[in-house]
Protein chains: 2
Amino acid sequence: MPLNDSVPAALTLEPDCLLYLQQPVVLGLSGGRDSVALLRLLVQQGCRVHALHVHHGIRSAEADADAAFCAELCERLDVPFELQKIDVPTLAAEQGVSLETAGRHARRWLLAAAARRCKGCIVALAHHADDQAETVLFRLARGAAGMRGMQPVHQAGHITWIRPLLGCRREEITDWLQQIGQPWRDDSTNTVADVTRNALRLEVIPMLNKALGRDVTPVLNRSARLQGETLEALEAALDVLPVLDPQGRLYLPFVWEQPHALQKAIVRHYLQQQGVADISESMVLAVLAVLPPDAPAARVNLPRDRYACRKERRLIITGE
Amino acid sequence: MPLNDSVPAALTLEPDCLLYLQQPVVLGLSGGRDSVALLRLLVQQGCRVHALHVHHGIRSAEADADAAFCAELCERLDVPFELQKIDVPTLAAEQGVSLETAGRHARRWLLAAAARRCKGCIVALAHHADDQAETVLFRLARGAAGMRGMQPVHQAGHITWIRPLLGCRREEITDWLQQIGQPWRDDSTNTVADVTRNALRLEVIPMLNKALGRDVTPVLNRSARLQGETLEALEAALDVLPVLDPQGRLYLPFVWEQPHALQKAIVRHYLQQQGVADISESMVLAVLAVLPPDAPAARVNLPRDRYACRKERRLIITGE
């Protein structure tokens, strides 16, 4: 298998991720198509990659072959390779979660730990545009309030998670790997077939394409991106609106003047800032109900023995 | 057919619509299940309904029977009935649109005209929760930036359009009509079978239900409602943020301090306020690019010979 890194990259990486590729990056390398493609692309970009393969302790022979494939590929590419073994069935039993959830948590945890050791604190994930469309539909049909997809760049604690392939289609990735003669291992990390995602990918999205007479994936992803930006813009606007008095209490004369939808957003934002637990729409509405000066009640209970209370044209939240 | 209006309403009408039912309401009565149910419910509520049936000039015998059914039902219920005939094929040919679009436009126009004559200026439409879920998916897959469903109450010009059944499921409506022994005419207003909507209803949504293992309709509708509220809240926040100078020009030192997503929202809102035509995401980004004090250009062209120009830490839009 000749490695030909002079082949020009036909895949466009997410512009927001490019900046991070100048630092050391940890890549979760399963041996599957997407992570193999991302490895080749990162190497091609001159990025200092550290590859981490997680062996799940399930389907041993096949999993061993996956690990060997990854080790060999990294050796050829002169990429540092790390192998971590976990026992997913035991983890799942201990935590009382599904194999899939246990595997995902363990992988995330190991990737973050490796990123901290690599100083850059950056982890690259190989999700692409078709994964994104599935995620969007999945979250939407699960009742997500804000239809957000995965972000190309996401900061969590000290770690920056980047998804450089988020704009690439599955087919483009396959084509490119075939073009450069790079093989991959099939479905090697699917510890358990994810029935829901498979149904979305293989049945729902093709049927949506047919019903709408177009490829809905880029359209869904664009909708999700714009929705995400709307939520971000609203959060940022709530941070600069004059909603608080100098003591940091919610200043009601301003809130009273706003339309209902903005009042709801202000109250939710304030509850979040005050660290109130388990915020729900009904909680937000219950708090809204005590805001008017002529409301029948001026106080509403919140979880963990806290309460919200209207007093001298302010809303005060007690405790913690 | 005995009319028994003492049967309690098993269907819950949209709370936001109830206020409007104290005024005269025009109802588009096709004779189909949904509009027949809404007629019976409005009468039950003691609402002064004026029913308008639009005869489309297609499939004459069947359409005549629909009109006769509606006239007879209204007579029994003692509801004023109005019949309007339109020639949809001719309208469609004249306007160069599909039969369906021509029919919809003509119906909307006739309903609005009838509402103006009835003084209340209120039109009730019979869309229900399953229609809403189809609309949400349809708009989403067509690339709507903000995933909004139909609104229970929508003001347009002098007319208030209300959708009292928006929280009711198709099945509930069918059950209730059967319970009160009220027949309806099947599919009478579908001037043309809407292929896309049928595919969404009959194929995509059932498959989503199966893939997610739940009834996705209420979940999709809730997501859409919350998204709509987010957009409304953002619009309202943009109206009160200190983005304009006393002369109504965009004040850039404030804009510069905001995160990218809020900058985009501010610029889009400002372009809308200035009546700029054909606002697109690329136009917003092009305007954003001239905002920084060190930007290579300070001016960008807009449609209809207008342009946006940075000058003395303000953004000015010329013309109109």
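Just so it is clear, the structure is predicted and the values come from calculations on it, not from any experiment.

All right, on to the packing of helix α11 (residues 260–273) of chain A against helix α12 (residues 281–289) of chain A then. Residue and element names in this part refer to chain A. At their nearest, the axes of α11 and α12 sit 9 Å apart, and the two run at 105 degrees to each other. Of the possible angle classes, the one that applies to α11 and α12 is roughly perpendicular. Where α11 approaches α12, its residues His-260, Gln-263, Lys-264, Val-267, Arg-268 and Leu-271 are matched on the opposing element by Glu-281, Met-283, Val-284, Leu-285, Val-287 and Leu-288. Among the residues making up the contact of α11 with α12, the classes are represented as seven nonpolar, two polar and three charged.

Time to look at the pairing of strand β1 (residues 25–28) of chain B. All names here are of chain B. Pairing of β1 with strand β2 (residues 49–55), which is carried by four bridges, proceeds in the parallel orientation. By the bridge assignment for β2, Gly-28 is matched with Leu-52. A crossover links β1 with its parallel partner β2, the connecting element being helix α2 (residues 33–44), and its sense is right-handed. Across two bridges, the pairing between β1 and strand β4 (residues 122–124) is parallel. Looking at β4, one finds that Leu-27 is bridged to Ala-124.

Here the focus is the packing of aromatic side chains. All names here are of chain A. Per the stated rule, a full pass over the model turns up zero aromatic pairs over all chains. Across from the ring centre of Trp-161, 5.3 Å away, lies the NZ or CZ of Arg-108, which sits over that ring. When the ring centre of Phe-138 is taken as origin, the NZ or CZ atom of Arg-197, which lies over that ring, is 5.4 Å away.

Per the stated rule, a full pass over the model turns up zero disulfides over all chains. Unpaired in terms of disulfides, Cys74(A) finds its nearest cysteine sulfur in Cys70(A), a separation of 6.6 Å. The cysteine Cys118(B) is free of any disulfide, with Cys121(B) supplying the nearest cysteine sulfur at 8.9 Å.

Moving on, we get to the interface of chain B and chain A. If you look at the interface, chain B gives 46 residues, while chain A gives 46 residues. For the pairing of chain B and chain A, the buried interface totals around 4,000 Å² over both sides, and the portion due to carbon and sulfur atoms is 67%. On the surface where chain B and chain A come into contact, there are eight salt bridges. Summed over the shared surface of chain B and chain A, the number is five residue pairs in polar contact (both at pLDDT 80 or more). Where the side of chain B that touches chain A is concerned, the elements lending two or more residues are α6 (129–141), α8 (195–212), α9 (216–240) and α11 (260–273) of chain B. The element contributing the most residues to the side of chain B that touches chain A is α9(B), with 17 residues. Here the residues of the side of chain B that touches chain A are counted per class, giving 29 nonpolar, seven polar and ten charged.

Residue and element names in this part refer to chain A. Spatially, β3-β2-β1-β4-β6-β5 is the arrangement adopted by the six strands of the open sheet, whose pairing is mixed. Every other strand in the sheet has two partners, leaving β3 (81–85) and β5 (153–156) as the edge strands with one partner each. Strand-to-strand twist across the sheet, computed as the mean angle between neighbouring axes with direction ignored, equals 25 degrees. Contacting β1 (25–28), β2 (49–55) and β4 (122–124), helix α2 (residues 33–44) crosses the sheet at an angle of about 155 degrees to β1. Against the sheet, helix α5 (residues 99–117) contacts β1, β2, β3, β4 and β6 (159–162), and its axis sits at roughly 115 degrees relative to β6.

The next subject is the relation of the copies chain B and chain A. Placing chain B over chain A gives an RMSD of 0.1 Å and needs a rotation angle of 180 degrees, together with 0.1 Å of translation along the axis. Read as a symmetry element, the transformation amounts to a two-fold axis. Every residue of chain B has its C-alpha some distance from the rotation axis, and the shortest such distance is that of Leu234(B), at 2.6 Å. Taken together, the interface assignments show that 100% of the residues at the interface of chain B recur at the interface of chain A, consistent with an identical surface on both copies.

Another point: the environment of Ala265(B). By secondary structure assignment, the location of Ala265(B) is in helix α11. As a C-alpha pair, Ala265(B) and Leu238(B) span 27 residues in sequence and 8.0 Å in three-dimensional space. Those residues in contact with Ala265(B), other than ones at most four positions away along the chain, are Ala233(A), Leu234(B) and Leu238(B).

Here we come to the pairing of strand β8 (residues 299–302) of chain B. On a regular strand, each side chain points to the face opposite its neighbour's, so the side chains alternate between the two faces of the sheet. Residues and elements named next belong to chain B. Of the two faces of β8, only the one carrying Val-300 and Leu-302 is buried; Arg-299 and Asn-301 on the other face are not. Where β8 and strand β9 (residues 306–311) come together, four bridges link them in antiparallel fashion. If you follow Asn-301 over to β9, its bridge partner there is Tyr-307. Between β8 and β9, which follow one another and run antiparallel, lie three residues, and Arg-304 among them has a positive phi close to 60 degrees.

Turning next to the environment of Lys311(B). All names here are of chain B. Looking at the secondary structure, you find Lys-311 in strand β9. Given a relative accessible area of 51%, Lys-311 falls into the exposed group. Sequence-wise, Lys-311 and Ala-115 are 196 residues apart; in three dimensions their C-alpha atoms are separated by 49 Å.

Moving on: the environment of Ser35(A). Structurally, Ser35(A) is set in helix α2. As for Ser35(A) and Ala51(A), which are separated by 16 residues in sequence, their C-alpha atoms are 9.8 Å apart.

Here we come to the nonpolar core. The biggest cluster of nonpolar side chains holds 60 residues, and the ones touching the most others in it are Leu250(A), Leu271(A), Leu315(A), Leu250(B), Leu271(B) and Leu315(B). Setting aside residues no more than four positions away along its own chain, Leu315(A) makes contact with Arg249(A), Leu250(A), Leu252(A), Tyr270(A), Val287(A), Val290(A), Leu291(A), Ala308(A), Cys309(A) and Arg310(A).

Right, let's get into unusual backbone geometry. Residues other than glycine seldom take positive phi values, yet Asp78(A) does so here, at roughly 60 degrees. Notably, Asp278(B) is not glycine yet its phi reads approximately 50 degrees, a positive angle. Relative to the assigned elements, Asp278(B) resides in the loop between α11 and α12 (281–289).

So, about the sheet that holds β1(B). Residues and elements named next belong to chain B. The six strands are arranged β3-β2-β1-β4-β6-β5 in an open sheet whose pairing can be described as mixed. If you trace the sheet from one side to the other, it starts and ends with β3 (81–85) and β5 (153–156), each paired once. Going across the sheet, the axis of each strand differs from the next one's by a mean of 25 degrees, ignoring polarity. One ladder, built from three bridges, connects β4 with strand β6 (residues 159–162); its direction is parallel. The residue of β6 that forms the bridge with Ala-124 is Ile-162. Along the sheet, α2 contacts β1, β2 and β4; its crossing angle with β1, the most-contacted strand, is approximately 155 degrees. Along the sheet, helix α3 (residues 60–77) contacts β2 and β3; its crossing angle with β2, the most-contacted strand, is approximately 170 degrees.

Next up on the list: the pattern of salt bridges. In this structure the tally under the stated criterion is 35 salt bridges over all chains. In this structure, the salt-bridge partner of Glu281(B) is Arg222(A), at a minimum N-O distance of 3.9 Å. One end of the pair, Glu281(B), is in helix α12; the other, Arg222(A), is in helix α9 (residues 216–240), on a second chain. For Glu281(B), a relative accessible area of 14% gives the class buried.

Further remarks concern the packing of helix α4 (residues 88–95) of chain B against helix α5 (residues 99–117) of chain B. Residue and element names in this part refer to chain B. Across the interface, α4 lies against α5 with an axial gap of 8 Å and an inter-helix angle of 105 degrees. By the criterion of interaxial angle, the relationship of α4 to α5 is roughly perpendicular. In this structure, α4 contributes Val-88, Pro-89, Leu-91, Ala-92 and Gln-95 to the contact, and α5 contributes Leu-99, Ala-102, Gly-103, His-105 and Ala-106. When its residues are assigned to classes, the contact of α4 with α5 shows seven nonpolar, three polar and no charged.

Cut-offs used in this document
- Residues numbered from 1 in each chain as written.
- Chains lettered and ligands numbered in written order.
- Predicted model: local features only at pLDDT ≥ 70, side-chain atom pairs only at ≥ 80, totals over all residues.
- Heavy atoms only, no water.
- Axes fitted to C-alpha atoms, helices over the stretch in contact; angles between N-to-C directions.
- Helix = DSSP H or I, 4+ residues; strand = E, 2+ residues; numbered from the N terminus.
- Parallel < 35°, antiparallel > 145°, perpendicular 65-115°, else oblique.
- Contact = heavy atoms within 4.5 Å.
- Nonpolar A, V, L, I, M, F, W, Y, C, P; charged D, E, K, R; others polar.
- Pairing = 2+ DSSP bridges.
- Right-handed = clockwise from strand over helix to strand, strands pointing away.
- Phe/Tyr/Trp six-rings, centres within 6.5 Å; stacked < 30°, edge-to-face > 60°.
- Lys NZ or Arg CZ within 6 Å of the ring centre and 35° of its normal.
- Disulfide = S-S within 2.5 Å.
- Buried area = accessible area lost by both parts, 1.4 Å probe.
- Salt bridge = Lys/Arg side-chain N within 4 Å of Asp/Glu carboxyl O.
- Polar contact = N/O pair within 3.5 Å; in protein donor to acceptor, adjacent residues only side chain to side chain.
- Least-squares fit on C-alpha atoms with pLDDT ≥ 70 in both.
- Buried < 20%, exposed > 50% of the residue type's maximum accessible area, 1.4 Å probe, protein only.
- Core = buried A, V, L, I, M, F, W, Y, C linked by side-chain atoms within 4.5 Å.

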